[in-house]
Amino acid sequence: MKATLVIKDIDNLITMQGENRPRAGREASQIGLIKNGIVAIKDDRIIYVGDKLPEYIEIDESTTILDGRGKTVTPGLIDSHTHLVHGGSRENELAMKLKGASYLDILKAGGGIHSTVKATREASFEELYNKAKKSLDIMLSFGVTTVEAKSGYGISDFDTELKQLKVAKKLDEDHPVDIVSTFMGAHAIPLEYHDYPDSFVDIIIEEMLPIVAEEKLAKFCDVFCEEGVFSIQQSRKILLKAKELGLGLKLHADEIKPLGGAELAAELACISADHLVAASDQGIKAMAERGVIANLLPGTSFNLQTGKYAKARKLVEECVAVALSTDYNPGSCPTENIQLIMSLASLIMKLTPEEVITAVTINGAASLGIEEEYGSLEPGKYADLVIFDAPNLEYIIYHFGINHTDKVIKNGIIVYEK
Ligand code: NIG
Ligand code: FE
């Protein structure tokens with residue numbers, strides 16, 4: 001079998017080898033490290049991972065050979081929670097935030113998500129496409145090979161919701177980074193439904209979800225379950241309908257107030273519950289029992305300046321699988337830098353480097369239901385990997401705030417080079 005690309009003499013090759021399922025508890029520390037490692041690729045798939053190239057793998061002058069000395073190689077990173085496609089920006093909120101206005105205060109005053117809704121409604125398809133493409137290029141430069149993208153800035157304007165999902169679909173076709181789409185029409189109560197939120201819930205259920213499912217524009221449905229946004233009952237109603245239509249379920253759960261989002265995610269066996277800053281201990285236990293992945297977003301806690309972070313160590317101890325994402329969006333977390341998120345997760349939430357890399361590879365893949373083909377380096381899987389200009393994993397996390405990426409390989413092709 002002839003290899004098309006080989007990386008050899010890799011100082012630290014992190015494979016994440018093991019079962020294709022979310023890794024929880026002690027398993028989240030097993031990263032399948034190989035010293036002086038070799039990865040061989042044929043076309044878009046991995047054909048060998050180890051430390052001695054077997055004879056059946058041929059190399060000739062057409063094989064690209066990369067030198068892994070002084071480098072750390074990992075599976076392509078997976079940013080499994082973002083609000084990638086949107087119009088405008090919200091730097092105008094900074095002054096309010098510095099004066100002490102909270103995220104929910106700004107939202108209640110008609111700012112926050114509502115101001116991005118306005119900008120996204122006004123933006124053309126091309127404008128949204130170009131802005132999201134720019135972000136996707138940045139994400140790729142940080143080593144991200146798969147991104148989840150939510151709608152949710154059209155809300156009651158369904159055409160804008162569809163526009164966001166179609167931009168994501170077109171970018172998935174055009175850009176090297178893969179995009180997995182989530183419908184999140186339930187992202188805020190539209191201002192005109194302030195006094196009749198249940199009517200908007202009915203519209204999502206009766207008019208929006210069936211079309212999203214029919215046109216296969218999203219794999220998942222997500223709801224912002226929060227005080228002043230969607231209640232537990234409303235969230236349950238929307239997600240039950242999404243499930244009936246064949247969509248996978250996600251939930252913005254207990255981000256700010258402890259509403260019982262973790263418990264709801266467990267009740268509905270959501271694939272992931274995200275944020276969880278205010279999740280209760282019972283909610284965490286229930287998530288462990290139902291195998292719900294905790295998708296943690298420390299960049300959001302950092303940027304909201306609340307000083308409150310999800311209890312990552314408690315989640316690991318209770319055997320909940322942990323994923324980590326940027327939550328990239330124009331309000332609560334305007335950064336595409338997943339490497340910064342990895343550092344925050346370790347330095348502030350006390351996850352170990354091993355738990356962090358697990359969270360952004362195999363567990364990120366599992367939270368998008370793609371763990372059979374992505375998230376670890378094993379023969380047969382897609383050849384998505386990152387070569388970091390860093391001698392080891394700890395270094396990437398410790399030397400924070402910069403970009404350590406040397407090269408990114410997507411489907412066996414070098415798509416980014418420093
Ligand atoms: O995950 N909390 C709701 N949604 C996003 C923020 C979106 C926005 O502020 O525009 C989040 O934090
Ligand atoms: Fe979010």
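Heads up: the structure comes first, above all this text.
This is a predicted model, so every value here is computed, not measured. What you see as residue numbers is a count from 1 along each chain, following the sequence as written. The naming scheme follows written order: chains are lettered A onward, ligands numbered 1 onward. Local features are withheld for residues below a pLDDT of 70 in this predicted model, meaning they are given only at 70 or higher, and side-chain atom pairs are given and counted only at 80 or more; totals for whole chains, interfaces and linings count all residues. Based on all heavy atoms of the structure, the side-chain values leave hydrogens and waters out of the count.

A. The packing of aromatic side chains, seen in detail. Two rings from Phe, Tyr or Trp (for Trp, the six-membered ring) form a pair when their centres sit within 6.5 Å of each other. Planes less than 30 degrees apart are called stacked, planes more than 60 degrees apart edge-to-face, and all others tilted. Per the stated rule, a full pass over the model turns up 4 aromatic pairs. Between Y374 and Y382, the ring centres sit 5.0 Å apart and the planes meet at 15 degrees, which makes this aromatic pair stacked. Aromatic ring contacts, followed pair by pair, group Y193, F200 and F230 into a single cluster. Over a ring means this: the NZ of a Lys or the CZ of an Arg is within 6 Å of the ring centre and within 35 degrees of the ring normal. Of note, K250 hangs over the ring of F220, and the distance from its end group to the ring centre comes to 5.0 Å.

B. Layout of the environment of D44. Counting from the N terminus, the helices are DSSP H or I runs at least four residues long and the strands are E runs at least two residues long. Its location among the elements puts D44 in the loop between β2 (33-42) and β3 (45-50). Put simply, D44 and Y382 are 338 residues apart on the chain and 5.9 Å apart in space, counted from C-alpha to C-alpha.

C. Broad picture of helix α3 (residues 113-122). For α3, the complete set of buried residues consists of I113, H114, T116, V117 and T120. In a view along the axis of α3, the buried residues occupy a sector of 155 degrees, so they form one face of it. Along α3, the residues that are exposed and aim more than 90 degrees away from the buried face are K118 and E122. Throughout, a contact is declared for two residues whenever any of their heavy atoms are within 4.5 Å. Close packing links the buried residues of α3 with α2 (103-108), α4 (125-141), α5 (158-174) and β9 (220-225). Residue burial is assigned from relative accessible area. The probe radius is 1.4 Å, only protein chains are included, and a residue is buried under 20% of its type maximum, exposed over 50%, and partly exposed in between. Throughout, the arc means that of the directions going from the helix axis to the C-beta atoms.

D. Broad picture of the sheet that holds strand β12 (residues 293-296). Taken in spatial order, the 8 strands of this open sheet run β6-β7-β8-β9-β10-β11-β12-β13, and their pairing is parallel. Two strands close off the open sheet at either side, each with one partner strand: β6 (77-79) and β13 (322-324). Taking each pair of neighbouring strands and ignoring which way they run, the sheet shows an average axis angle of 25 degrees. Two strands are counted as paired when DSSP detects at least two bridges linking them. With 4 bridges joining them, β9 and strand β10 (residues 248-253) adopt parallel strand pairing. Every axis corresponds to a line fitted to the C-alpha atoms, with the helix fit spanning only the stretch in contact, and the corresponding angles, defined between N-to-C directions, vary from 0 to 180 degrees.

E. Expanded view of unusual backbone geometry. Backbone geometry at D254 places phi at a positive 50 degrees, although glycine is not the residue there. If you trace the backbone, D254 turns up in the loop between β10 and α8 (261-267). Even without being glycine, D327 reaches a positive phi, approximately 65 degrees. The residue D327 is located in the loop between β13 and α12 (338-347) in this model.

F. Molecular detail of the coordination of the iron ion (ligand 2). Here the iron ion (ligand 2) is held by the protein donor atoms H81 (NE2), H83 (NE2), H252 (NE2) and D327 (OD), which lie 2.1 to 2.2 Å from it. Motif for the iron ion (ligand 2), donor spacing along one chain: H-x1-H-x168-H-x74-D. In this pair, H252 sits in strand β10 while D327 sits in the loop between β13 and α12, placing the two residues 75 residues apart along the sequence. Coordinating donors are taken to be N, O and S atoms lying within 2.8 Å of the metal, or within 3.2 Å when the metal is Na, K or Ca; because water is excluded from the atom set, some sites may appear incomplete.

G. Local environment of the site of ligand 1. Neighbouring ligand 1 are 15 residues; Y103, Y153, H187, E255 and S332 lie closest to it. Y153 is positioned with one of its side-chain polar atoms (N or O) 2.6 Å from an oxygen atom of ligand 1. Note that an oxygen atom of ligand 1 is positioned 2.6 Å from one of the side-chain N or O atoms of S332. Residue classes in the shell around ligand 1 are distributed as 4 nonpolar, 8 polar and 3 charged. Proximity is defined per residue: if any heavy atom of the residue lies within 4 Å of a molecule or strand, that residue is considered near it. For this analysis, a polar contact is any N or O atom pair within 3.5 Å, provided that within protein one partner can donate a hydrogen and the other can accept it, and provided that sequence-adjacent residues contribute only side-chain to side-chain pairs. For this classification, the nonpolar set comprises Ala, Val, Leu, Ile, Met, Phe, Trp, Tyr, Cys and Pro, the charged set comprises Asp, Glu, Lys and Arg, and every other residue, Gly included, is treated as polar.

H. Quick peek at empty space enclosed by the protein. Space inside and on the surface of the protein is sampled on a 1 Å grid over the protein atoms alone, with a cavity defined as a set of points where a 1.4 Å probe fits but cannot get out and a pocket as an open set with protein on both sides within 12 Å along at least 5 of 7 lines; lining residues have an atom within 4 Å of a point. Grid points are joined across faces, edges and corners, and a volume is the space filled by probe spheres set on the points. Counted by the stated rule, this structure contains 4 cavities of 30 Å³ or more. Empty space within the largest cavity amounts to approximately 90 Å³. Contributing to the lining of the largest cavity are 13 residues, with H83, Y103, H187, N329 and S332 lying nearest its centre. Along the lines of polarity and charge, the residues of the lining of the largest cavity split into 4 nonpolar, 6 polar and 3 charged. The calculated volume of the second largest cavity comes to roughly 60 Å³. P75, G76, I78, T145, T146, Y374, G375, S376, Y382 and D384 together form the lining of the second largest cavity. In the lining of the second largest cavity, the residues fall into 4 nonpolar, 5 polar and 1 charged.

I. Structural detail: the pattern of salt bridges. A pairing counts as a salt bridge when a side-chain nitrogen of Lys or Arg comes within 4 Å of a carboxyl oxygen of Asp or Glu. Across all of its chains, the model carries 27 salt bridges by this definition. Of the charged contacts, one joins E373 and R45 as a salt bridge, the two residues approaching to 3.0 Å between their closest N and O atoms. One end of the pair, E373, is in the loop between α14 (362-366) and β14 (385-388); the other, R45, is in strand β3, with 328 residues separating them in the sequence. Ionic pairing is found between E417 and K407, a salt bridge with its closest N-O pair at 3.9 Å. Remark: K407 occurs in strand β15 (residues 405-410) and E417 occurs in strand β16 (residues 413-417); sequence separation between them is 10 residues. Judged by relative accessible area, which is 16%, K407 ranks as buried. Through salt bridges with shared partners, a single network forms among E19, R21 and E27.

J. Main features of the nonpolar core. Grouped together as the largest cluster of nonpolar side chains are 102 residues, with contacts concentrated most on F183, I238 and L296. Those residues in contact with L296 that sit more than four places away from it in its chain are H275, L276, A310, A312, L315, V322, A323, L324, S325 and M349. What makes a nonpolar core is a set of buried Ala, Val, Leu, Ile, Met, Phe, Trp, Tyr and Cys residues whose side-chain atoms join them at distances within 4.5 Å. Core analysis: the second largest hydrophobic core is formed by 16 residues, I10, L13, L385 and I387 among them.

K. Representation of the layout of surface pockets within the structure. The computed volume of the largest pocket comes to approximately 350 Å³. In terms of lining, the largest pocket is formed by 16 residues, of which the most central are L107, K108, H194, G228 and V229. Among the elements that line the lining of the largest pocket, the one with the most residues is α2, at 4 residues. Across the lining of the largest pocket, the residue classes tally to 8 nonpolar, 4 polar and 4 charged. Put simply, the second largest pocket is a space of about 190 Å³. For the second largest pocket, the lining is made up of 15 residues, of which R90, E91, P330, G331 and P334 are closest to its centre. The dominant element in the lining of the second largest pocket, judged by the number of residues it contributes, is helix α1 (residues 93-98), at 3 residues. Classifying every residue of the lining of the second largest pocket gives 4 nonpolar, 6 polar and 5 charged.

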